[in-house]
Amino acid sequence: MITVDEAARLALALPEVTEGERHGHRTWFVKGKAFAWERPFSKADLKRFGDETPPAGPILAVSVADLSEKEAVLAANPDAFFTIVHFEGFAAVLVQLDRVTEAALREALSDAWLACGSPR
């Protein structure tokens, strides 16, 4: 299982990344833009799950370039990447850290970094 601290280590290994806090949760930025952040479920999120059990463990939100990429990421690794109603129409996916591999998370963070900050 990947921890939030391990996710932070992977994010901070990317160029020009800083860690801060947004809405009380750890957030990673490149050039002032958030590209990944802790994303626990809100009460409204939990209510929307109804009788369905929400994904367990720590959850990370990761930006994607656009909605087409979002669909591709969700299709490629449905066991670890998912979305919720709150994220409909938003270019980001959610990552269940206790199900994602380090390689898949590293790739998602790198892609998010590229989507939010121009490479040199």
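Residues numbered from 1 in each chain as written. Predicted model: local features only at pLDDT ≥ 70, side-chain atom pairs only at ≥ 80, totals over all residues. Heavy atoms only, no water.

Novice: Looking at this model, I keep getting lost on the packing of aromatic side chains. Mind explaining?
Specialist: The description of an aromatic ring pair rests on the distance of the ring centres and on the angle between the ring planes. One pass over the structure, following the stated rule, counts four aromatic pairs. Seen in terms of ring centroids, F41 and F49 are 5.2 Å apart; in terms of plane orientation they differ by 75°. Their pairing is edge-to-face. Exposure remark for F49: the relative accessible area of 16% places this residue in the buried category. When the centroid spacing of 6.2 Å and the interplanar angle of 50° are considered together, the rings of F41 and F82 count as tilted. Here the residue F41 occupies a position in the loop between β3 (33-38) and α2 (43-49), and F82 occupies one in strand β5 (residues 81-82), the gap between them amounting to 41 residues. With a relative accessible area of 13%, F82 lands in the buried category. Connected via pairs of aromatic rings, a cluster forms that spans W37, F87 and F90. Just above the ring of W37 sits the side chain of R22; from NZ or CZ to the centre is 5.0 Å. (Phe/Tyr/Trp six-rings, centres within 6.5 Å; stacked < 30°, edge-to-face > 60°. Buried < 20%, exposed > 50% of the residue type's maximum accessible area, 1.4 Å probe, protein only. Helix = DSSP H or I, 4+ residues; strand = E, 2+ residues; numbered from the N terminus. Lys NZ or Arg CZ within 6 Å of the ring centre and 35° of its normal.)

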